[in-house]
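Residues per chain, in single letters:
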Amino acid sequence: TMKTLYISTLVGLRCLTSSSAFTVNDALNTQNSIISSSLHATLHSGSKGTGEGWLARPAAPVNSEDSAKLTLAKSLEGSSFQKRLSLLGSTGSIGTQTLEIVDACPDNFVVDALSAGNNAALMAEQVMKYQPKIASMGTPEAAADLKERLVSMGCKAMPEIAYGEEGILAAATIGSADTVVTGIVGAAGLKPTIEAIKLKKDIALANKETLISGGPVINPLVEEYGINMLPADSEHSAIFQCLQGVPEGGLRRVILTASGGAFRDLSKEELFTMCENDPRAVQAKATTHPNWDMGAKITLDSATMMNKGLEVIEAHYLFGASYDDIDIVIHPQSIVHSMVETQDTSCIAQLGWADMRLPLVYSVAWPHRLKMPYKPLDLAELGTLTFNKPDLEKYPCIGLAYAAGRAGGTMTAVLNAANEAANDMFRADIGLGLLDIPTLIEGAMEKHKDDLKTSDVTLDDILGSDAWAREYVETEAKILNERKTLIL
């Protein structure tokens, strides 16, 4: 093909008259442009080599010529940067670990805004230490409590104290911050993330539901406002790190690793028997993670493996991969945090201890590598790393997530909301069993098929689907529990 293009260009050149302004150099430049365009057109990601099912504009800065140039330019700036952070969910697991990074790198990070739920005592300590301009709480009572505590502690730099949804939005949109760390759990992170993007703030994304529910809205906004969506959870950070230096079209497959959660050592039969005979033991075990120190909601999602299903959808929107090219593998040691396979079938993996600070620091420092006071990885100390396929019958939530992702549009918002509602009710101990969670989610998805919207999806569509799914699960859960009571 290249030879044909070259001959065609030279033939065209011989036909030019001497009076033409089109020179030999012009012709050669045109030839090179044609060849370049021809080669560029063949750069397709994915195992099929066609780009089928892949997103042209992923949310993360990867898989394109522009992102490669941006990464190089930022890398050459050096590590003497300073970023101003707005931290949403400052008293939770993500928030406190992010602040540990600020402590370790005080020259690189300044905290301008903090938002939290109702832990006024911890928020007061954070305000005294980091002196943010805005501190937001979940309720007016918690905000009042915070103010009283700060006064009694002799706070000299009193922040603006806000609360509720307006408070979170105020923290997310504070003018001085350039990066927003979204450490709040669930769909509550959607609106503040959107408003921060509109102000051209980079997003360190620890709230996976933002893309799972809002991907059809978020991805176009990322492109429109030219911000960087930087993954802060371990698996997607691993993929992001592995993709540094992979050229456009070079990605073949994404491989997400999973610890397997609380029930990984039980067979399908053992788990189902335990669910039937000892639901109390199941509930206690489901809310305890074997490897990671995470919040209660995410820990239960890990036990059902819905967290991995949600991460499949997030990987689709972050990196553009088709659902056929995103795989899951069980890796109990949680040392290989995820992998990518390139077109030449090489696999690139990111390894590290099970420490959430590692992906967090890369999300706020990208593409720089800051010196951190953490324990280095010692593979000899580990000795063995193992990998297994997930049992899709044991973990039906995985299949539901793939189905929702392939359906697209508002279906992923329904999946996420139904899961959040069922997760909350299971932990609230209202009588739901572990296997009731996928049953309720599947019911919501089936019911939503008639109202599914896959094109021109708006924020209102997503929020409406979210609200409907929560109401559906609440109603169906009551019916389910009534049936159980009748049987007893």
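Residues numbered from 1 in each chain as written. Predicted model: local features only at pLDDT ≥ 70, side-chain atom pairs only at ≥ 80, totals over all residues. Heavy atoms only, no water.

A. Fine view of the overall build of the protein chain. On a plain count of helices and strands, the protein chain comes out with 20 helices and eleven strands. For the protein chain, buried positions account for 51% of its 488 residues. Restricting the contact set of the protein chain to residue pairs at least 6 apart, pairs at least 24 apart contribute 74%. (Helix = DSSP H or I, 4+ residues; strand = E, 2+ residues; numbered from the N terminus. Buried < 20%, exposed > 50% of the residue type's maximum accessible area, 1.4 Å probe, protein only. Contact = heavy atoms within 4.5 Å.)

B. Focus on the packing of helix 9 (residues 209-225) against helix 14 (residues 306-319). As a packed pair, helix 9 and helix 14 sit with axes 9 Å apart at the nearest point and diverge in direction by 15°. Our classification of the angle between helix 9 and helix 14 gives roughly parallel. Here the hand of the crossing between helix 9 and helix 14 comes out left-handed. Residues Leu211, Ile212, Gly215, Pro216 and Asn219 of helix 9 form the contact with helix 14, whose own contacting residues are Leu310, Ile313, Glu314, Tyr317 and Leu318. Split by residue class, the contact of helix 9 with helix 14 holds seven nonpolar, two polar and one charged. (Axes fitted to C-alpha atoms, helices over the stretch in contact; angles between N-to-C directions. Parallel < 35°, antiparallel > 145°, perpendicular 65-115°, else oblique. Left-handed = near helix turned anticlockwise from the far one by under 90°. Nonpolar A, V, L, I, M, F, W, Y, C, P; charged D, E, K, R; others polar.)

C. Fine view of the nonpolar core. Formed by 94 residues in total, the largest nonpolar core has its most connected members in Met229, Phe263, Phe319, Leu415, Leu434 and Ile441. Counting residues per element, this core draws most heavily on helix 18 (residues 411-427), at ten residues. If we ignore the near neighbours within four places in the chain, the residues touching Phe263 are Leu271, Val282, Lys285, Ala286, Ala303, Lys394, Tyr395 and Leu434. (Core = buried A, V, L, I, M, F, W, Y, C linked by side-chain atoms within 4.5 Å.)

D. Local environment of the sheet that holds strand 5 (residues 179-182). Taken in spatial order, the seven strands make up an open sheet running 4-3-2-1-5-6-7, and their pairing is parallel. Strands with a single pairing partner mark the edges of an open sheet, and in this sheet they are strand 4 (160-163) and strand 7 (229-231). Each neighbouring strand pair of the sheet contributes to a mean axis angle of 25°, computed without reference to strand direction. In terms of strand pairing, strand 3 (residues 134-137) meets strand 4 through four bridges, oriented parallel. Its bridge partner being in strand 4, Met137 is matched across the sheet by Tyr163. Of the strands in this sheet, strand 1 (83-88), strand 5, strand 6 (202-205) and strand 7 are in contact with helix 8 (residues 190-198), which crosses strand 6 at around 150°. (Pairing = 2+ DSSP bridges.)

E. Representation of the sheet that holds strand 10 (residues 336-342). Here four strands make up an open sheet; going across it, the order is 9-8-10-11 and the pairing mixed. Each end of this open sheet is capped by a strand with a single partner; those strands are strand 9 (326-330) and strand 11 (347-351). On average, each strand axis in the sheet is inclined to that of its neighbour by 20°, with strand direction left out of account. Sheet contacts for helix 10 (residues 234-242): strand 8 (251-258), strand 10 and strand 11; angle to strand 10, the most-contacted strand, approximately 40°.

F. Region of interest: the pairing of strand 1. Counting buried positions along strand 1 yields five of six residues, so the element is predominantly enclosed. Where strand 1 and strand 2 (residues 109-115) come together, six bridges link them in parallel fashion. The partner of Ser86 across the bridge, within strand 2, is Ala113. Pairing geometry for strand 1 and strand 5, over four bridges, is parallel. When the bridges of strand 5 are listed, Leu85 appears paired with Thr179.

G. Main features of the environment of Arg149. With respect to the helices and strands, the residue Arg149 is situated in helix 6 (residues 140-152). Here the alpha-carbon distance between Arg149 and Glu125, two residues 24 residues apart in the chain, equals 9.1 Å. Setting aside chain neighbours within four positions, we find Arg149 in contact with Ala120, Ala121 and Ala124.

H. Highlighting the packing of aromatic side chains. Taken as a whole, this structure holds four aromatic pairs when the rule is applied. Consider the rings of Phe240 and Trp366, whose centres lie 5.8 Å apart with planes at 40°: the pair is tilted. Of this pair, Phe240 sits in helix 10 while Trp366 sits in the loop between helix 15 (357-365) and helix 16 (379-382), and the two are 126 residues apart along the sequence. Relative accessible area serves as the criterion here: at 2%, Trp366 is assigned to the buried category. Chaining the aromatic ring pairs together yields one cluster made of Phe240, Tyr362 and Trp366. Sitting over the face of the ring of Phe81, Lys83 holds its NZ or CZ atom 5.9 Å from the ring centroid. (Phe/Tyr/Trp six-rings, centres within 6.5 Å; stacked < 30°, edge-to-face > 60°. Lys NZ or Arg CZ within 6 Å of the ring centre and 35° of its normal.)

I. Spatial organisation of the packing of helix 17 (residues 396-407) against helix 19 (residues 436-448). The contact between helix 17 and helix 19 brings their axes to 10 Å, and the two run at 20°. Relative to helix 19, the element helix 17 is oriented roughly parallel. Between helix 17 and helix 19 lies a crossing whose hand is left-handed. Between helix 17 and helix 19, the contacting residues are Pro396, Cys397, Leu400, Ala403 and Ala404 on the first element and Pro438, Ile441, Glu442 and Met445 on the second. Taken together, the residues of the contact of helix 17 with helix 19 sort by class into eight nonpolar, no polar and one charged.

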